[in-house]
Amino acid sequence: MHKAIPGIFLSTLVIAGCSSTEASPKAAAPAPAAATPSSAADARLRAALLPAPKGMRIAYGPELGAFGSLKSTQQGLAAVRQAKLQHPECAGAAQLDADRPDVAKSPAAVIAFSADRGSITQAVVSLPAEAFPEPLPKQCVSYTADVAGTQVSYKTRTLGMPAKGDQSRAYLTTASGDKKNAQIGSVMIRRGTLIMSMLVVGQRVKPQGLYELADLADQNLARVTR
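All figures in this text were calculated on a predicted structure; none of them were measured in a lab.

**Structural notes on the packing of aromatic side chains**
Applying the stated rule across the entire model yields one aromatic pair. Here the aromatic rings of Tyr-143 and Tyr-154 are separated by 5.1 Å at their centres, their planes lie at 20°, and the arrangement is stacked. You can see Tyr-143 sitting in strand β6 (residues 142-147) and its partner Tyr-154 sitting in strand β7 (residues 150-158), a full 11 residues away along the chain. Across the pair, exposure class does not vary: Tyr-143 and Tyr-154 are buried alike.

**Some thoughts on the nonpolar core**
Ranked by size, the top nonpolar core spans 29 residues in total, and within it Ile-120, Val-124, Val-187, Met-196, Met-198, Val-200 and Leu-221 carry the most contacts. Of all the elements in the fold, those that place two or more residues in this core are α2 (40-48), β4 (107-115), β5 (118-126), β8 (167-177), β9 (180-191), β10 (194-202) and α5 (207-224). No other element matches the seven residues that α5 contributes to this core.

**Some remarks on empty space enclosed by the protein**
All told, the structure shown has two cavities of 30 Å³ or more when counted by the stated rule. Here the second largest cavity is characterised by a volume of approximately 50 Å³. Taken together, the elements giving at least two residues each to the lining of the second largest cavity come down to β8 and β9. The element that contributes the greatest number of residues to the lining of the second largest cavity is β9, accounting for three residues.

**Brief notes about the sheet that holds β5**
Ordered by their spatial adjacency, nine strands build an open sheet running β2-β4-β5-β10-β9-β8-β7-β6-β3, and the pairing between neighbours is antiparallel. On the outer flanks of this sheet lie β2 (57-66) and β3 (84-85), each paired with one strand and no other. As judged from the nine bridges shared by β9 and β10, these two strands associate in the antiparallel manner. Bridge assignment links Arg-190 to a residue of β10, and that residue is Ile-195. Each of β2, β4, β5 and β10 is contacted by α2, which is oriented at about 145° to β5, the strand it contacts most. Against the sheet, helix α3 (residues 71-82) engages β2, β3 and β4, with an angle of about 100° to β2.

**Digging into the pairing of β10**
Among the nine residues that make up β10, nine are buried, leaving the element largely enclosed by the rest of the structure. Side-chain alternation along β10 places Leu-194, Met-196, Met-198, Val-200 and Gly-202 on one buried face and Ile-195, Ser-197, Leu-199 and Val-201 on a second face that is also buried. As judged from the nine bridges shared by β5 and β10, these two strands associate in the antiparallel manner. Its bridge partner being in β10, Ser-126 is matched across the sheet by Leu-194. Remark: two residues form the turn of the hairpin made by β9 and β10, two consecutive strands paired antiparallel; Gly-192 in that turn has positive phi of roughly 60°.

**Some thoughts on the environment of Ala-148**
Looking at the secondary structure, you find Ala-148 in the loop between β6 and β7. By relative accessible area, Ala-148 is classed as exposed at 76%. Considered as a pair, Ala-148 and Ala-83 are 65 residues apart in the sequence and their alpha carbons are 7.0 Å apart.

What counts and how
- Residues numbered from 1 in each chain as written.
- Predicted model: local features only at pLDDT ≥ 70, side-chain atom pairs only at ≥ 80, totals over all residues.
- Heavy atoms only, no water.
- Phe/Tyr/Trp six-rings, centres within 6.5 Å; stacked < 30°, edge-to-face > 60°.
- Helix = DSSP H or I, 4+ residues; strand = E, 2+ residues; numbered from the N terminus.
- Buried < 20%, exposed > 50% of the residue type's maximum accessible area, 1.4 Å probe, protein only.
- Core = buried A, V, L, I, M, F, W, Y, C linked by side-chain atoms within 4.5 Å.
- 1 Å grid on protein atoms, 1.4 Å probe; cavity = no way out; pocket = protein on both sides within 12 Å on 5 of 7 lines; lining within 4 Å.
- Points joined across faces, edges and corners; volume = space filled by probe spheres on them.
- Pairing = 2+ DSSP bridges.
- Contact = heavy atoms within 4.5 Å.
- Axes fitted to C-alpha atoms, helices over the stretch in contact; angles between N-to-C directions.

See the structure below:
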């Protein structure tokens, strides 16, 4: 089964377009509440999203709707289908499974930020029941993929991020290929039936910067789940 969150399969973007600046963003002050949200559920999901970090701009979204139908989710699935992985099950390992009907139909919100130094993609999904993806399988710690004729190597390590919410996990992946290198920091946090997933991409992603963003994201989750 293919698993995906917005932007989870970033081989092409990572190898083709990373800058040489370190990605260690700090968030700006909270953005004002969205005007006249379409529903209480939409307002809750919007409130759980991060504001634009200092020095970054909104590149996409916020988009709201069923998780499986979001444009960003569909793009992630399409990217997976176009690549040839040494271990196909690693394409979305440790992430939400967009092929599961209950997950695909779940209300979700996604937003993406960008700057010369890298990008951040965040998704918040409201699931029908408490759930959290399994840890990264051993075979997905190191593997290769063929992306449009380019061999990309992935190496991932689990980060010792301080615990967040009811469950949390963080990874740092180094992607290399075609004489280019990039890092992908990923964080997933669950509070109740809300799951927040975030990806930070840059030439270098500092764990401390990732933890700071995770703190802010968890604060938002705590506020909307009270």
